Amino acid sequence: MLLPSFTYHRPGGLAEALAMLDGFGGQAKLLAGGTDLLVNMKHGKQAPAQLIDLDGLAELKASGSRGDALELGAGLKAAAIAGGLGGAAPQALAQGAGALGSPQVRNRASLGGNLVTARPAADMCVPLLALGARVALVSPAGERQVDLPEFFLGPGLTALHPSEVLTRVLLAKPRPGEGSGYGKLGLRKALEIPLVNVAAWLALEADGKTIKEARVALGAAAPTPMLSPGAAKALAGATAGDDAFAAAAFAAAADARPIDDHRGSAEYRRDMVAALTKRCLGQALAQARGN
Amino acid sequence: MPKIQIVGRSYPQIDGMEKATGRTRFASDIKLAGMLHARVLRSPYPHARILNIDTSRAKALPGVKAVVTYADTPGIKFGPRSDDWTIFADDKVRFCGDEVAAVAAVDEDTAEEALELIRVEYEELPFVESPLEALKPGAPLVHEDHPGNVAAEFKVEAGDVDRALANSHVVCEESFYTNQTYQAYLEPMGAVADVDLAGRITLYAGNQIPSMIRVPYAKALGLTLDQVRVVLPDYGGGFGAKMETNTHLVAMLLAQKTGRPVRHFNTRHDDFIAGNPRVPMYIDIKLGADKEGVITGKEVKVIGDAGARIVYSQIIVATACYRVDSLYRFKNVRAKGITAYTNTVPTSCFRGFGNTQATFVLESAMDILAHKLGMDPAEMRVKNSIGPDSVSVHGWKINSCGLKECVEEATKMSGWAEKKAKKRPLKGIGLSCCNHVSGNRAFAREFDGGAGIVRIGRDGRISVYHGESDMGQGQKTVYAQIAAETLGVPLDWVSVMQVDTDISPWGFGSFATRGTLMGGNGVLAASKDAFIKLAQVAADMMESNVDDVVCEGGRFYVKGSPDKSLDFKEVALNATDSNHGSPVMGTGFYDPPTVLPDPKTKQGNISPAYPFGCQIAEVEVDPTTGKVTVTNFVAAHDVGRAINPMALEGQIQGGVAQGLGWTLMENMVTNKGKVANANFLDYLIPTALDMPPVEPKLIEPYEPNGPYGAKGIGEPAINPTMSAITNAIYDATGVRITELPVSPEKLLAEMEKLKGSHEG
């Protein structure tokens, strides 16, 4: 239960960090907030010989817009995102960040860390999936961008190469007529790994009634955070409201592949996927309509 | 006599500022020169024979000073109330977490590394993890000398239960289960042990029974009682768990082997898997009432899970069998309790001591009967309430009793009548009462009571010595208030000293809601003795009679002449000088009017006073998820005369929080013999955000046996919480909860069933 020994490095910039990472050839781990990595190390699940601390890199903490895109630095703290980033953060993402851990954990935990840890019910991963985000992965060879559904490969497994650093999250800037929402079911109100969590995003046509496009993302429903294709299909072109949301909830539950454990049965989780899907779509619609 | 000025007033805890600013040195902060650090190797199997242990590689690791196993112990069987303990597993391990070996090394890293070098060969054995399975014929035996895995049996009977139940207008017959929960104190169990050249051990350990703990420890190590000294530092909570533990003995044994101080604290994981969690119980109840709602008779059968060895589980099961019978005017009761061994973590005391489990069951059954009779559950409680100056069915002498007042106040505060009259969908209100003890003669055996020493120095400083245990509940402040009140000095002139068994009186410790009454009476007696001695000096100085001398605000005066007064400190100086340096020493004790219950009939008054309470919960249930939110809570408690109202209110709010956690989320899950959620991420306790407003109300009848009329509060604060919430859930949904905890999934399934049966 004690932290194993390791060498700690604090690079001055991203280029230096990448060079270090390359130099250690897979022996190093990147440290941001440490809320997952250090806990895993204490439990003996990981024992990297080298830790490269990215927390001091200002270039990873910027957020801003470029055209229609919103770019969020991977080093942003959950607390900052929960605070809304001056109104820039989409509603579901701010809600997800605000539901993560406790104030202390949110002050440490980073956006990039939440993504690369890739837990099936991570509070920021699920909303980002619904928001259609992609991630920028930088290596000495350059940058590539990967859509989130291709980024999550399994519990704790991602498309990130050992030589890469996740530097930014890119998503479309929220526009009028769009909305999103996040919901989490647990036994208590903080410091809780969700039994089930869901995020929804939808865009309305100019008529303010018809759904142009929608995405529903599910957590704790599969080995990775997942999108529900059935829900997206049920919603596209439908009239926003209870009927469409019920159909989407039904489809989302059908897409979910939850497991039984001591926290809850697969059957209950599936039912709760449906219940939360309805709630999140309701929140998203309210925001889309400017309520 | 001067009017009472310090007792009955709210004070922040006298050590509160030290704790809040991080200055308190807790048990785990203790560092002694040359101290080594210990770690324990624990069994990975619930039941296995140990074929071989090879410690040679661990011993060879630089920095390792000792590696010990059962072979290094005196091999004496011992236990607090049994002889089924050994310091390390002898021929077999009996639960996942059982102690197999331990290492002392120069630092924790080295000790932990050494554990990985110990090779143990096991032969896995069939195991049993449920007490119901354990009691079946042919079940694997946890202890070969206990056939059928029966650790203990308890029987009690009074009146004619069969006739009473047969003649009842309504009978509730129901089976309940209460699960295993963890005390979740802030500081895990642990100690620092130091041995002198004569082999005498000093144990610095945060524990609830600093005097009593020495008895089994001395036996286990083959020492005499005088060779074990216990010093009690400040420590981070106990809630019943911090009694005897092998965790302390490991430090003591390693200190003996190395001749150096040894520090051993459980990791949180070890504390979960090898602490002393709550005794899970299966309880069947039959409860009858007549047309008017008067209880006719009660029968219960209790099966409790001891885990792999007995800590105090058999007394806890006995308590669950009959303590609650002194809540109402029972005449016909019968109970049978069986405590069964299983291959799981040994269970023991947790705030409520079996009466929590029994109160959940009885107060659920009362609610069922009230509904069957179409009677207001509050009215039914009042109708059956035991009264002041009465004797219960087991011969318990109730002096003060504010139970009816508790129900009246709680119902008034919560708007009970209006809320019961106006049914709101998915919202509910529920009520539960409770009783408890303030000391338990059946537990203390040889004698019960409390003693104190009050020393007044040449400088007038007052030092109070007691033998109980402040684990954060506020005992030091209460004792300081009692001493200051009795001596007539300001509160901050009094220091309450660390318990050191070389100096302090023998005390049974802090359990059974006894600290304020027993220890407080001991401090009161010692304070009176010191006062008389000092007052004699003051009387001589004022050329008056000692009986006419009083002290108020730190000044002595003769009754009727407060203008001509003497400074307390001047009197103290004079007293010490005239005695050539000897301080004024007051000693005293309290002998409670209790008896050991008759072994056969269990008749006999076990406590000098009995606290009561009534709690009311309001809940809202989410019909989609089954999630329960407790929206409001009131808790009226008969505490006797309050000594420190602020501390009492804090205790009540803490008890409710703990009970709410138990009801809605807390659950130790055992899977294939292993605790599956031995950490605070998976074992959930409520956070501040999960708590509703909890409004406490103190009901204060004067208790003739209490110091300044006081009784205790520790355990009654949690006893009624579970059934108050589950009775509210019934009111909201029609679902009767018979198993704790209430997961949203379980409640939703029951709600669906109910809907189905109504539609069908």
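This one's a predicted model, so the numbers in the text were calculated from it and none came from an experiment.

Student: Would you mind showing me how to read the packing of helix H10 (residues 355-373) of chain B against helix H19 (residues 721-733) of chain B here?
Tutor: All names here are of chain B. Between H10 and H19, the least distance of the axes is 8 Å, while the angle of their chain directions is 30°. Taken together, the axis directions place H10 and H19 in an arrangement best described as roughly parallel. When you trace H10 past H19, the crossing you get is right-handed. Contact residues: Thr-356, Thr-359, Phe-360, Glu-363, Ser-364, Asp-367 and His-371 in H10; Met-722, Ser-723, Thr-726, Asn-727 and Tyr-730 in H19. Class assignment for the residues of the contact of H10 with H19 results in three nonpolar, seven polar and two charged.

Student: Please clarify how the domain arrangement of chain A should be interpreted in this entry.
Tutor: The accessible area lost on association of the parts is a frequent measure of interface size. Residue and element names in this part refer to chain A. Here the domain parsing of chain A yields domain 1 (7-53), domain 2 (58-172) and domain 3 (185-288). The C-alpha centroid of domain 2 is placed 18 Å from the C-alpha centroid of domain 1. Here domain 1 and domain 2 share an interface that buries about 1,100 Å² over both sides, 68% of which is from carbon and sulfur atoms. Run the count over domain 1 and domain 2 and you get zero salt bridges. Here domain 1 is connected to domain 2 by three residue pairs in polar contact (both at pLDDT 80 or more). The class makeup of the residues in the side of domain 1 that touches domain 2 is five nonpolar, three polar and one charged.

Student: In this structure, what is going on with the interface of chain B and chain A? I would like to understand it.
Tutor: In this assembly, 27 residues from chain B lie in contact with 19 residues from chain A. Here chain B meets chain A over a buried area of about 2,100 Å², counting both sides, of which 61% is carbon and sulfur. Looking only at chain B, the three residues that lose the most surface to chain A are Lys627(B), Leu684(B) and Glu745(B), adding up to 24% of its buried area. Residue Arg279(A) is joined to Asp622(B) by a salt bridge in which the shortest nitrogen-to-oxygen separation is 2.7 Å. Put simply, chain B and chain A have seven residue pairs in polar contact (both at pLDDT 80 or more) between them. Elements that contribute at least two residues to the side of chain B that touches chain A include exactly helix H3 (108-115) and helix H20 (744-759) of chain B. By residue class, the composition of the side of chain B that touches chain A is eleven nonpolar, seven polar and nine charged.

Student: Where do I start with the environment of Arg175(A) in this structure?
Tutor: Its place among the elements puts Arg175(A) in the loop between strand S10 (165-172) and strand S11 (178-185). Between the C-alpha atom of Arg175(A) and that of Lys29(A), which follows or precedes it by 146 residues, the distance is 37 Å.

Student: Please clarify how the pattern of salt bridges should be interpreted in this entry.
Tutor: A side chain of one charge can pair with a side chain of the opposite charge if their charged atoms are brought near each other. Residue and element names in this part refer to chain B. In the structure shown here, the tally under the stated rule is 49 salt bridges over all chains. For the salt bridge of Arg-49 with Asp-91, the shortest nitrogen-to-oxygen distance reads 3.9 Å. A residue pair is termed long-range when its members are at least 10 positions apart, and Arg-49 in strand S2 (residues 48-54) and Asp-91 in the loop between strand S3 (64-69) and strand S4 (92-93) qualify at 42 residues. Of the residues examined, Asp-91 reaches a relative accessible area of 37% and is grouped as partly exposed. Between Lys-420 and Asp-731 there is a salt bridge, with its nearest N and O atoms 3.5 Å apart. Placement of Lys-420 in helix H13 (residues 416-421) and of Asp-731 in helix H19 is noted, with a sequence separation of 311 residues between them. Taken together, the salt bridges that share partners define one network made up of Arg-42, Asp-98, Glu-99, Asp-270 and Arg-309.

Student: Explanation requested: the sheet that holds strand S7 (residues 150-158) of chain B in the structure shown.
Tutor: Strand pairing in a sheet takes place through backbone hydrogen bonds and is either antiparallel or parallel in direction. Residues and elements named next belong to chain B. Read from one edge to the other, the open sheet built from five strands follows the order S7-S15-S14-S13-S8, with strand pairing classed as mixed. Edge positions in the sheet fall to S7 and strand S8 (170-178), since each has one partner strand and no second. Strand after strand, the sheet turns through a mean of 5° between neighbouring axes, direction not considered. Bridge analysis of strand S13 (residues 281-289) against strand S14 (residues 295-307) gives nine bridges, and the strand direction is antiparallel.

Student: It is not clear to me how the state of the cysteines should be interpreted in this structure. Could you clarify?
Tutor: By definition, a disulfide links two cysteine residues through a covalent bond between their sulfur atoms. Residue and element names in this part refer to chain B. This model, assessed by the stated rule, comprises zero disulfides over all chains. With no disulfide partner, Cys-349 has as its closest neighbouring cysteine sulfur the one in Cys-321, 16 Å distant. Unpaired in this structure, Cys-433 has its nearest cysteine sulfur neighbour in Cys-614, at a distance of 4.1 Å.

Student: Please explain the packing of aromatic side chains as it appears in this structure.
Tutor: Pairs of aromatic rings are described using the distance from one ring centre to the other and the angle between the two planes. What the rule picks out here adds up to 22 aromatic pairs over all chains. On the basis of an interplanar angle of 65° and a centroid distance of 5.6 Å, the ring pair of Phe151(A) and Phe152(A) is categorised as edge-to-face. The burial state of Phe151(A) is the same as that of Phe152(A); both residues are buried. Relative to Tyr122(B), the ring of Tyr45(B) has its centre 5.1 Å away and its plane inclined at 75°; by these criteria the two rings are edge-to-face. Pair noted here: Tyr45(B) is in the loop between strand S1 (36-42) and S2 and Tyr122(B) is in strand S6 (residues 119-124), with a separation of 77 residues, a long-range link. Residue Tyr45(B) is classed as partly exposed on the basis of its relative accessible area, which comes to 26%. With relative accessibility at 19%, the residue Tyr122(B) sits in the buried group. Each member of the aromatic cluster is reached from another via a ring pair, and the members are Tyr182(B), Tyr185(B), Phe272(B), Phe680(B) and Tyr683(B). Arg81(B) extends its terminal NZ or CZ atom over the ring of Phe443(B), reaching a point 4.8 Å from the ring centre. The ring of Phe330(B) carries the charged tip of Lys298(B) above its face, separated from the ring centre by 5.7 Å.

Student: What's the story with unusual backbone geometry in this structure? I'm lost.
Tutor: Peptide bonds are trans in most cases, and residues, glycine excluded, mostly fall at negative phi. All names here are of chain B. Residue Leu-740 is joined to Pro-741 through a cis peptide bond whose omega torsion reads -10°. Positive phi is not limited to glycine here, since His-580 has a value of about 55°. Mapped onto the elements, His-580 comes out in the loop between helix H17 (568-578) and strand S26 (584-590). Look at Lys-602: it is not a glycine, yet its phi comes out positive at around 65°. Its place among the elements puts Lys-602 in the loop between S26 and strand S27 (612-621).

Student: Please clarify how helix H1 (residues 14-24) of chain A should be interpreted in this entry.
Tutor: Residues and elements named next belong to chain A. Here H1 has its buried residues at Leu-14, Ala-17, Leu-18, Met-20 and Leu-21. One face of H1 carries all of its buried residues, which in axial projection span an arc of 160°. Opposite the buried face of H1, by more than 90 degrees, sit the exposed residues Ala-15 and Gly-23. Looking one or two residues beyond H1, the residue adopting positive phi is Gly-25, at roughly 50°.

Student: Help me out: how do you make sense of the packing of helix H18 (residues 645-664) of chain B against H19(B) in this one?
Tutor: What describes two packed helices is the angle between their axes and the distance between those same axes. Residue and element names in this part refer to chain B. Interhelical geometry of H18 versus H19 gives an angle of 55° and a closest axis separation of 8 Å. In terms of their interaxial angle, H18 and H19 are classed as oblique. The handedness of the crossing between H18 and H19 is right-handed. Residue-level contacts link Gly-655, Val-656, Gly-659, Leu-660, Trp-662, Thr-663 and Leu-664 of H18 to Thr-721, Met-722, Ile-725 and Thr-726 of H19. In terms of residue class, the contact of H18 with H19 is made up of six nonpolar, five polar and no charged.

Student: I'm lost on the sheet that holds S27(B) in this one. Help?
Tutor: All names here are of chain B. The strand order across the open sheet formed by four strands is S18-S27-S28-S31, and the pairing between neighbours is mixed. Edge positions in the sheet fall to strand S18 (427-435) and strand S31 (694-699), since each has one partner strand and no second. Across the sheet, the axes of successive neighbouring strands diverge by a mean angle of 15°, strand direction being ignored. As judged from the six bridges shared by strand S28 (residues 628-638) and S31, these two strands associate in the parallel manner. Residue pairing in the sheet places Asp-638 in a bridge with Ile-699 of S31. Along the sheet, helix H12 (residues 403-414) makes contact with S18, S27, S28 and S31, crossing S27 at roughly 25°. In the packing of H19 onto the sheet, the strands contacted are S18, S27 and S28, and the crossing angle to S18 comes to about 150°.

Student: Got a minute to help me understand the pairing of strand S19 (residues 450-456) of chain B in this structure?
Tutor: Along any regular strand the residues' side chains alternate between the sheet's two faces. Residues and elements named next belong to chain B. When you tally the buried positions in S19, you get six out of seven residues, the bulk of the element. Bridge analysis of S19 against S26 gives seven bridges, and the strand direction is antiparallel. Directly across from Ala-451, in S26, lies its bridge partner Phe-589. Connecting S19 to the antiparallel partner strand S20 (residues 462-466) that follows it, the hairpin turn spans five residues, and Gly-460 within it adopts a positive phi of roughly 85°.

What counts and what doesn't
- Residues numbered from 1 in each chain as written.
- Chains lettered and ligands numbered in written order.
- Predicted model: local features only at pLDDT ≥ 70, side-chain atom pairs only at ≥ 80, totals over all residues.
- Heavy atoms only, no water.
- Axes fitted to C-alpha atoms, helices over the stretch in contact; angles between N-to-C directions.
- Helix = DSSP H or I, 4+ residues; strand = E, 2+ residues; numbered from the N terminus.
- Parallel < 35°, antiparallel > 145°, perpendicular 65-115°, else oblique.
- Left-handed = near helix turned anticlockwise from the far one by under 90°.
- Contact = heavy atoms within 4.5 Å.
- Nonpolar A, V, L, I, M, F, W, Y, C, P; charged D, E, K, R; others polar.
- Domains from an automatic or database assignment.
- Buried area = accessible area lost by both parts, 1.4 Å probe.
- Salt bridge = Lys/Arg side-chain N within 4 Å of Asp/Glu carboxyl O.
- Polar contact = N/O pair within 3.5 Å; in protein donor to acceptor, adjacent residues only side chain to side chain.
- Buried < 20%, exposed > 50% of the residue type's maximum accessible area, 1.4 Å probe, protein only.
- Pairing = 2+ DSSP bridges.
- Disulfide = S-S within 2.5 Å.
- Phe/Tyr/Trp six-rings, centres within 6.5 Å; stacked < 30°, edge-to-face > 60°.
- Lys NZ or Arg CZ within 6 Å of the ring centre and 35° of its normal.
- Arc of directions from axis to C-beta.

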